[in-house]
Amino acid sequence: GMGRVASAIAARLGAVAKLLGSCSKRWRAEEEEEETDSTPFWAALPSRGDAPEDPPGWELATSLKDSGNDAFAKGAIDEAIAIWSQALEKLHLHPDEEDMRVVELRSTLFCNMALGYMKQRQWRQALGYCEEVLIDQPNNQKALYRKADCLAELTSWTE
């Protein structure tokens, strides 16, 4: 009756425990090994300057982008364009090992530049910046819409 079922379950649990035991023992050994030579994780972090997490110029370019956005919001279009140009210069580009955040930021800056030139009705420059975005991000919605607007403006006066 119940006893036999219970002992069968106990036997199965015992087998499982043995399996788990050997696994967890191996796991524990690995963990201990790792710990002996490891410094606390915060001490092992590379200093911010040479961290691969921050592509060169990325932080500076990001803060320039923001101040350009502020200028743009105030209606200072020339100033915004100048600041965004600076931001683009700060982004060191290594096409062989492009950091995704560099690509993102560059695309955002190109998109902003396009908008700035559109505000100034400089459709050709704006179009050029849209094209730059689309090289990196062929499906970038903003760039596609802005490109369409620029083309519409450029073609409307030739008719």
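Analysis parameters
Residues numbered from 1 in each chain as written. Predicted model: local features only at pLDDT ≥ 70, side-chain atom pairs only at ≥ 80, totals over all residues. Heavy atoms only, no water. Core = buried A, V, L, I, M, F, W, Y, C linked by side-chain atoms within 4.5 Å. Buried < 20%, exposed > 50% of the residue type's maximum accessible area, 1.4 Å probe, protein only. Helix = DSSP H or I, 4+ residues; strand = E, 2+ residues; numbered from the N terminus. Contact = heavy atoms within 4.5 Å. Disulfide = S-S within 2.5 Å. Axes fitted to C-alpha atoms, helices over the stretch in contact; angles between N-to-C directions. Parallel < 35°, antiparallel > 145°, perpendicular 65-115°, else oblique. Left-handed = near helix turned anticlockwise from the far one by under 90°. pLDDT = per-residue confidence, 0-100. Polar contact = N/O pair within 3.5 Å; in protein donor to acceptor, adjacent residues only side chain to side chain.

A. Highlighting the nonpolar core. By size, the foremost hydrophobic cluster in this structure holds 29 residues, and its most contacted members are Trp84, Leu91, Leu105, Leu109, Met113 and Cys150. Among the elements of the structure, α3 (58-73), α4 (77-90), α5 (100-119), α6 (123-136) and α7 (141-156) are those that each provide at least two residues to this core. Per-element accounting of this core gives the leading share, eight residues, to α5. Not counting residues within four places of it along the chain, the set of residues in contact with Leu91 comprises Pro56, Gly57, Trp58, Ala61, Val102, Leu105, Arg106 and Leu109.

B. Region of interest: the state of the cysteines. In total, this model carries zero disulfides according to the counting rule given. Left unpaired, Cys111 is separated from the closest cysteine sulfur, that of Cys130, by 6.4 Å. Relative accessible area serves as the criterion here: at 5%, Cys111 is assigned to the buried category.

C. Focus on the packing of α5 against α7. The geometry of α5 relative to α7 is characterised by a closest axis approach of 10 Å and an angle of 25° between their N-to-C directions. On the basis of their axis angle, the class for α5 and α7 is roughly parallel. Seen from above, α5 lies across α7 with left-handed handedness. Two secondary-structure elements touch here, α5 through Cys111, Asn112, Leu115 and Met118 and α7 through Lys142, Ala143, Arg146, Asp149 and Cys150.

D. The arrangement of the confidence of the model for the protein chain in detail. Chain-level statistics for the protein chain give a pLDDT mean of 81 and a share of 67% at 70 or above. For residues 24-31, every residue scores under 50 in pLDDT, and the model assigns this stretch zero contacts once sequence neighbours within four places are set aside.

E. Geometry of the side chain of Gln137. Structurally, Gln137 can be placed in the loop between α6 and α7. A distance of 3.1 Å separates the side chain of Gln137 from the side chain of Glu104, its partner in a polar contact. One polar contact links Gln137 to Asn140, side chain to side chain, over a distance of 2.8 Å. In this structure Gln137 touches Val103, Glu104 and Ser107, once residues within four positions along its chain are discounted.

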